[in-house]
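One-letter residues, chain by chain:
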Amino acid sequence: MRMRQNPQFDRKNCFVPTSEIIAVEETELNKKQRNIGKWQKMAKPHAFTVYYVKKARNHRWRCSDVTFWCVDEHLCNQWIQALKELLEMQSKPKQLLVYINPYGGKRQGKSIYEQKVAPLFSLASISTDVVITEHANHAKDNLFEVNINKYDGVVCVGGDGMFSEVMHGLIGRMQKDSGIDQNNPKAPLVQCNIRIGIIPAGSTDCICYSTVGISDPVTSALHIIVGDCQPLDVSSVHHNNTFLKYSVSLLGYGFYGDILKDSEKKRWMGPMRYDYSGLKTFLSHHYYEGTISFQPAKHTVGSPQDKDSCRTGCYICKKSEQQLSQQYKECGLKHEEDEEEWKVIKGKFLAINAVNMSCACPRSPKGLSPAAHLADGSADLILVRKCSRFDFLRYLVRHTNQDDQFDFSFVDVYRVKSFQFTSKLSEDNESNVTDIGKKRFGQFCRDHPACCCNIASSTWNCDGETLDSSAIQVRVHCQFVKLFARGIEENSKDEAAYSQSSIEQLL
Ligand SMILES: Nc1ncnc2c1ncn2[C@@H]1O[C@H](COP(=O)(O)OP(=O)(O)OP(=O)(O)O)[C@@H](O)[C@H]1O
């Protein structure tokens, strides 16, 4: 059997893991092809083509191909059969439900899907049911009605808002089917095993970037095709006994809440509104008084100040999940989270951020918490206390350089599995949470004397959407949803090798 590669790889040796084969097809040889070089000498050659993932720089994936030729038709068919059987054995999706937001980002969702993604799905023999959304919550409502068991995954084409909508639909559907009341903050929620794929086509594609390493529709489509699986922690957010939202990236009060609230009023400015509102919020330098109580995530084996980041096959995520399951097994139903230690901090904050992932994006490649993990059952709680404008700027600048952004006297960071927040304003009205806190948590840690400034409440930014209440209770659910992704791969020798010569002889 002989090989004719994509011209750019001529005369290079290469290999492809079978898990990264996209499709195998019999190749029809036309007369012109048969007259090329060595194959000219072959009497009636037979051929098949292997389409595979080619890894390029910066986590970008592309589809490449290599064609194998031989004179023996039977041998050629045996190879095709054997390779197809190998592909069948893997957990690649066969049937997908696709939601396209035609208005997300630069309104390119439909054309991105049709031109870049659909041809790849068709090459990989994936059948799709495509829904072009007509209004907000169309996808979410639809997910409560469809025969979900028919699909191996749900794909959303859009930004973080579209992903959030699909995730809420899927989680909500699972709870409804299992008779679980999402309004009960302590309800044992049912995990969502159907994988979600994100084809980035929004103005913010932070979740895609943090789980794949790049916002690129073709790369994401290929992660879906090869059937990757990345579990993701999800935080549930409640106000007393009312369910508000789920969050997978940022829950931000103060600075990031104010930016979002202001930018919502300036939608007409397009993506520029985030820069404008960011500068305006920075200059206004508001701080907010409130009480935050949290339960440290004792099961995790990492810390927010670790030097290593969460990467493909992350040991810390695996180990932490094992510890957590062990804990539940040992304590069983007796396990009462309320009885565990709570820490309480009262203070004046410029920003309170809780992140379930690093929140890296092209603007801030390190993210809000560079060592946060995708699937360790915890969130990193970052408290930025009142400080001067100059110090706050120094803190923000450190998100873009190599210096430690937590190494400031006014910044504290904790790895937590649940937390509650009450602003001073709502504390006065809703003394409930504070009373419970006082009874349950004992000594409060007060940082400064009571503030004499006129402080209003801020708004919570929950994955890019505002929440109606400032008093919230948050609980992290370990590995609650699954994505067609594999986390960010190390920039290893493999990648360098791939980018130089890319394919080695498989057969
Ligand atoms: N057909 C539609 N018309 C209007 N809104 C829609 C439609 N389909 C989905 N949406 C809503 O649009 C919101 C934003 O979508 P998406 O995240 O895809 O785009 P985006 O440009 O990144 O958003 P944003 O401008 O909020 O950053 C989602 O919350 C989703 O519920």
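Structural data are supplied above this passage.
This section reports on the structure supplied with the text.

Conventions adopted
- Residues numbered from 1 in each chain as written.
- Predicted model: local features only at pLDDT ≥ 70, side-chain atom pairs only at ≥ 80, totals over all residues.
- Heavy atoms only, no water.
- Helix = DSSP H or I, 4+ residues; strand = E, 2+ residues; numbered from the N terminus.
- Contact = heavy atoms within 4.5 Å.
- Areas by Shrake-Rupley, 256 points an atom, 1.4 Å probe, with all protein chains shown as cover.
- Near = heavy atom within 4 Å.
- Polar contact = N/O pair within 3.5 Å; in protein donor to acceptor, adjacent residues only side chain to side chain.
- Axes fitted to C-alpha atoms, helices over the stretch in contact; angles between N-to-C directions.
- Parallel < 35°, antiparallel > 145°, perpendicular 65-115°, else oblique.
- Phe/Tyr/Trp six-rings, centres within 6.5 Å; stacked < 30°, edge-to-face > 60°.
- Buried < 20%, exposed > 50% of the residue type's maximum accessible area, 1.4 Å probe, protein only.
- Disulfide = S-S within 2.5 Å.
- Patch = residues over 30% accessible without salt bridge, like charges linked within 9 Å, V, L, I, M, F, W, Y side chains within 5 Å.
- Salt bridge = Lys/Arg side-chain N within 4 Å of Asp/Glu carboxyl O.
- Lys, Arg positive; Asp, Glu negative; His and termini not counted.
- Charge placed at Lys NZ, Arg CZ, Asp CG, Glu CD.
- Arc of directions from axis to C-beta.
- Core = buried A, V, L, I, M, F, W, Y, C linked by side-chain atoms within 4.5 Å.
- Domains from an automatic or database assignment.
- Pairing = 2+ DSSP bridges.

A word on the overall build of the protein
Secondary structure assignment for the protein yields 14 helices and 19 strands. For the protein, the proportion of contacts with a sequence separation of at least 24, taken over those separated by at least 6, is 80%. For the protein, the accessible surface area stands at approximately 23,900 Å², while carbon and sulfur atoms represent 48% of it.

Side note on the site of the ligand
If you check the shell around the ligand, you find 22 residues, and the closest are G105, T133, G159, E165 and S203. Here an oxygen atom of the ligand sits 2.3 Å away from a polar atom, N or O, in the side chain of E165. In the environment of the ligand, an oxygen atom lies 3.3 Å from a nitrogen or oxygen atom belonging to the side chain of Y274. Computed on the free molecule, the ligand has an accessible area of 630 Å², of which 81% lies beneath the protein chains in the complex.

A few points about the packing of helix α9 (residues 272–284) against helix α11 (residues 389–397)
When two helices pack together, their arrangement is given by the angle between the helix axes and by the axis-to-axis distance. Where α9 meets α11, the axes come as close as 10 Å, and the angle between the chain directions of the two elements is 140 degrees. Our classification of the angle between α9 and α11 gives oblique. Only R389, F392, L393 and L396 of α11 make contact with α9, whose side of the interface consists of F282, L283 and S284.

Quick word on the side chain of H223
As for its placement among the helices and strands, H223 is situated in helix α7 (residues 217–225). If sequence neighbours within four positions are ignored, H223 has contacts with W61, V212, D228, F484, A485 and R486.

Notes on the packing of aromatic side chains
For the structure on display, the rule yields 16 aromatic pairs. Each ring, one from F294 and one from Y414, has its centre 4.6 Å from the other, and the planes form 40 degrees; the classification is tilted. Taken as a pair, F294 in strand β12 (residues 288–296) and Y414 in strand β15 (residues 411–423) lie far apart in primary sequence, 120 residues in all. Aromatic pair F419 and W460: ring centres 6.3 Å apart, planes at 45 degrees, arrangement tilted.

Comments concerning α7
Of all nine residues in α7, nine are buried; the element is thus mostly enclosed. Residues of α7 that are buried: P217, V218, T219, S220, A221, L222, H223, I224 and I225. In the segment just after α7, G227 is the residue with positive phi, at about 75 degrees.

Describing the state of the cysteines
Considering all chains together, one arrives at zero disulfides under this definition. Residue C70 stays outside any disulfide, its sulfur separated by 4.8 Å from that of C76, the closest cysteine. On the basis of relative accessibility, which here comes to 6%, the residue C70 falls in the buried class.

Quick notes on a negative patch on the surface
Taken together, E26, E28, D72 and E73 make up a surface patch of like negative charges. Note on placement: E26 falls in strand β2 (residues 21–27).

So, the environment of M357
Here M357 is to be found in the loop between β13 (343–355) and β14 (379–385). Taking the C-alpha atoms as reference points, M357 and L374, separated by 17 residues in sequence, lie 5.2 Å from one another. What M357 contacts, discounting residues up to four positions off in sequence, is I207, S210, T211, L232, V248, S249, A372, H373 and L374.

What about α11?
Note: α-helices contain 3.6 residues per turn, so residues at a spacing of three or four share the same orientation. All buried positions along α11 are accounted for by F392, Y395 and L396. Buried positions in α11, seen along its axis, are confined to an arc of 95 degrees and lie on one side of it. On its buried side, α11 packs onto α8 (255–264), α9, β13, β14 and β15.

Some thoughts on the nonpolar core
The tendency in soluble globular proteins is for nonpolar side chains to be buried side by side. If you look at the biggest cluster of nonpolar residues, it comprises 67 residues, and the most contacted ones within it are Y99 and F163. Counting residues per element, this core draws most heavily on helix α5 (residues 160–177), which supplies seven residues. Looking at this core, you find at least three residues from each of domain 2 (95–228) and domain 3 (250–329 + 338–476). Those residues within four positions of Y99 in sequence are excluded, and the remaining contacts are V131, T133, A139, N142, L143, V146, V154, V155, C156, V157, M162 and V166. If you look at the next biggest cluster of nonpolar residues, it comprises 27 residues, including Y51, V53, L96 and I100.

Quick word on the environment of L86
Looking at the element boundaries, L86 is found in helix α2 (residues 73–88). A residue is classified by how much of its surface remains accessible, and L86, at 31% relative accessible area, is partly exposed.

Digging into unusual backbone geometry
Glycine aside, residues mostly have negative phi, and peptide bonds are mostly found in the trans state. Although it is not a glycine, C359 adopts a positive phi angle of roughly 65 degrees. Unusually for a residue other than glycine, D463 sits at a positive phi of about 50 degrees. Take D463: it is sitting in the loop between β17 (460–462) and β18 (465–466). By relative accessible area, which is 9% here, D463 ends up buried.

Focus on the pairing of β14
Counting buried positions along β14 gives seven out of seven residues, so the element sits mostly inside the fold. In this sheet, β14 lies alongside β13 in antiparallel orientation, the contact comprising six bridges. Directly across from A354, in β14, lies its bridge partner L381. Sheet topology note: the β14/β15 ladder contains six bridges and is antiparallel. Pairing of A379 across the sheet is with V416, part of β15.

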